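This is what each chain is made of:
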Amino acid sequence: MKFEGSHILSVNQFDRESIERVFDVANQMAPYAKRQKRTTVLDGAILGNLFFEPSTRTRVSFGTAFNLLGGEVRETTGMSNSALAKGESLYDTARVLSGYSDIITMRHPDSGSVAEFAQGSRVPVINGGDGANEHPTQALLDLYTIQKELLYHGGNIDGLHIAMIGDLKYGRTVHSLSKLLCLFKNIRFTLISPKELAMPDAILSAIENAGHRYTISETLEGNFDADICYQTRVQEERFGSQEEANLYRGKFRLNQQIYTKHFQSKTVIMHPLPRDSRTEANELDNDLNMNPNLAIFRQTDNGVLVRMALFALTLGVENIVNKFDKEVHWYSGH
Ligand code: NCD
């Protein structure tokens, strides 16, 4: 895969070699993210960070990653604050904003919208989530986290057993992650969701065609030998009404007691976040916060490394980042 100058729209673009390339570069970014040193390799470069859907960590971590490489960030948030609300096409917005930026990251509520936008862009576009379709950078950071967590327990991704729980229909993170996992060997998927929120057939076929196994369940029953438990939020913004979303909220709660009952003591707990902590949902209870296998905040930290790597690769500076090293002068709590 050629990174320099390329859009990153889907995990379908990746093979194992290109994933390893991203992870290698991400590893090299750790000293910068930990503020042990800084780099100005992207001094003068501008990121257009366009978020037409709610986001906290994806938007801020894209911006942080770009800043950590020495670049500047220009941002627009919300549909109503942008010219799209005045009827401007994605193509026109892309033509205009790509004139102001060296690279663009974008989130939008419609499936396929980021790819459509990319057609009008003169600079690389990175998909930060397009409707229920894909979230490639989240999948890469999830996979990077899985690899690190498994390595800690002496394992690797080939032969992995992952339980995915919750809204598997609208959850774009589980769609993209499943497709990436298909590139590995002998993966076992346990897919737990209400029938109405089951994993889409296209993903099930991709799993099957790649020679992996999956089992589907509507309840969290029995004892899983899963290496990873990947919990998700009911994507209420994609339902016709709040009442419909409420039917499914809180169906699959995970707390320490449920975890102990169904999972191994070493099962790693993941969630793309935000976790819905309202009483009626509470899908990942605070009583898991002290559980050493709760990897959710390691995921968010890893997100910065992976996004730095993607910026460095798409802008073709991955081999010269440390030529622009500078000292850190301030107190750092990292
Ligand atoms: C996810 C998303 O937006 O798809 N969050 C994220 O990017 N970290 C999942 C979610 O919102 O539930």
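Everything quoted here is computed from the prediction, not taken from an experiment.

**Q** Account for the overall build of the protein chain, with residues named and values stated.
**A** In terms of helices and strands, the protein chain carries eleven helices and eleven strands. For a compact globule of 334 residues, the expected C-alpha radius of gyration is about 20 Å, and the protein chain comes in at 20 Å, within 12% of that figure. Projecting the C-alpha coordinates of the protein chain onto the three principal axes gives extents of approximately 55 × 45 × 40 Å. The buried share of the protein chain, taken over its 334 residues, is 55%. The contacts of the protein chain with a sequence gap of at least 6 include a subset with a gap of at least 24, amounting to 76%. When the 35 basic and 40 acidic side-chain charges of the protein chain are each reduced to a single mean position, those positions are 3 Å apart.

**Q** Tell me about the UniProt feature "domain: Aspartate/ornithine carbamoyltransferase carbamoyl-P binding" (unreviewed entry) in the protein chain, residues and numbers included.
**A** Under the UniProt annotation, "domain: Aspartate/ornithine carbamoyltransferase carbamoyl-P binding" (unreviewed entry) lies at residues 7–147. A helix fraction of 42% and a strand fraction of 18% characterise residues 7–147, whose end C-alpha atoms lie 25 Å from each other.

**Q** Give me the nonpolar core: which residues, what numbers.
**A** Ranked by size, the top nonpolar core spans 67 residues in total, and within it Ile162, Met164 and Leu181 carry the most contacts. In terms of residue count, helix α11 (residues 296–314) provides more of this core than any other element does, nine residues in total. Formed jointly, this core draws a minimum of three residues from each of two domains, domain 1 (11–134 + 300–326) and domain 2 (136–297). Setting aside residues no more than four positions away along its own chain, leucine 181 makes contact with Leu143, Ile157, Leu160, Ile162, Met164, Ile187, Phe189 and His212. Ile165, Phe263, Leu273 and Leu284 belong to the second-largest nonpolar core, a separate cluster that totals 17 residues.

**Q** So what's going on with the site of the ligand? Which residues, and what values?
**A** As a structural note, the neighbourhood of the ligand is formed by Arg57, Thr58, Arg107, His135, Gln138, Arg172, Thr173, Arg233, Gln235, Pro272, Leu273 and Pro274. In this structure, an oxygen atom belonging to the ligand sits 2.8 Å away from a side-chain N or O atom of arginine 233. Contact with the protein chains hides 94% of the accessible area of the ligand, taken as 320 Å² for the molecule alone. Put simply, the parts of the chain that give the shell around the ligand at least two residues each are α3 (57–68) and α7 (172–181). Taken together, the residues that form the shell around the ligand break down as three nonpolar, five polar and four charged. Built from parts of two domains, the shell around the ligand gets at least three residues from each of domain 1 (11–134 + 300–326) and domain 2 (136–297).

**Q** An account of the domain arrangement of the protein chain is needed here, citing residue identities and associated values.
**A** The domains assigned to the protein chain are domain 1 (11–134 + 300–326) and domain 2 (136–297). Just the C-alpha atoms count here: the centres of domain 1 and domain 2 sit 25 Å apart. The partner domain 2 presents 27 residues to the 31 residues of domain 1 that form the contact. Around 2,500 Å² of area is buried between domain 1 and domain 2 when both sides are counted, 58% of it from carbon and sulfur atoms. The largest share of the area that domain 1 buries against domain 2 comes from Val11, Arg16 and Phe23, three residues that together contribute 25% of it. At the boundary of domain 1 with domain 2, the tally comes to four salt bridges. Across the salt bridge formed by arginine 172 and glutamate 53, the nearest N and O atoms sit 3.1 Å from each other. Taken together, domain 1 and domain 2 are joined by 13 residue pairs in polar contact (both at pLDDT 80 or more). Broken down by secondary-structure element, the contributors of at least two residues to the side of domain 1 that touches domain 2 are α1 (16–28), α3, β4 (103–108), β5 (125–130) and α11. Of the residues forming the side of domain 1 that touches domain 2, the biggest block, eight residues, is contributed by α11. Of the residues that constitute the side of domain 1 that touches domain 2, the class distribution is twelve nonpolar, ten polar and nine charged.

**Q** Requested: an account of the sheet that holds strand β7 (residues 188–192), with residues and values cited.
**A** The strand order across the open sheet formed by five strands is β8-β7-β6-β9-β10, and the pairing between neighbours is parallel. Every interior strand has two partners, whereas the edge strands, β8 (213–217) and β10 (268–270), have only one. Across this sheet, the average inter-strand angle for adjacent strands is 15°, counted without regard to direction. By the bridge criterion, five bridges tie β7 to β8 in an arrangement that is parallel. Across the sheet, residue threonine 190 finds its bridge partner in β8, namely threonine 215. Along the sheet, α7 makes contact with β6 (161–165), β7 and β9 (228–231), crossing β6 at roughly 165°.

Thresholds applied
Residues numbered from 1 in each chain as written. Predicted model: local features only at pLDDT ≥ 70, side-chain atom pairs only at ≥ 80, totals over all residues. Heavy atoms only, no water. Helix = DSSP H or I, 4+ residues; strand = E, 2+ residues; numbered from the N terminus. Rg over C-alpha atoms; globule rule 2.2 N^0.38 Å. Buried < 20%, exposed > 50% of the residue type's maximum accessible area, 1.4 Å probe, protein only. Contact = heavy atoms within 4.5 Å. Lys, Arg positive; Asp, Glu negative; His and termini not counted. Charge placed at Lys NZ, Arg CZ, Asp CG, Glu CD. UniProt positions renumbered as here; feature names shortened; annotations may be inferred. Core = buried A, V, L, I, M, F, W, Y, C linked by side-chain atoms within 4.5 Å. Domains from an automatic or database assignment. Near = heavy atom within 4 Å. Polar contact = N/O pair within 3.5 Å; in protein donor to acceptor, adjacent residues only side chain to side chain. Areas by Shrake-Rupley, 256 points an atom, 1.4 Å probe, with all protein chains shown as cover. Nonpolar A, V, L, I, M, F, W, Y, C, P; charged D, E, K, R; others polar. Buried area = accessible area lost by both parts, 1.4 Å probe. Salt bridge = Lys/Arg side-chain N within 4 Å of Asp/Glu carboxyl O. Pairing = 2+ DSSP bridges. Axes fitted to C-alpha atoms, helices over the stretch in contact; angles between N-to-C directions.

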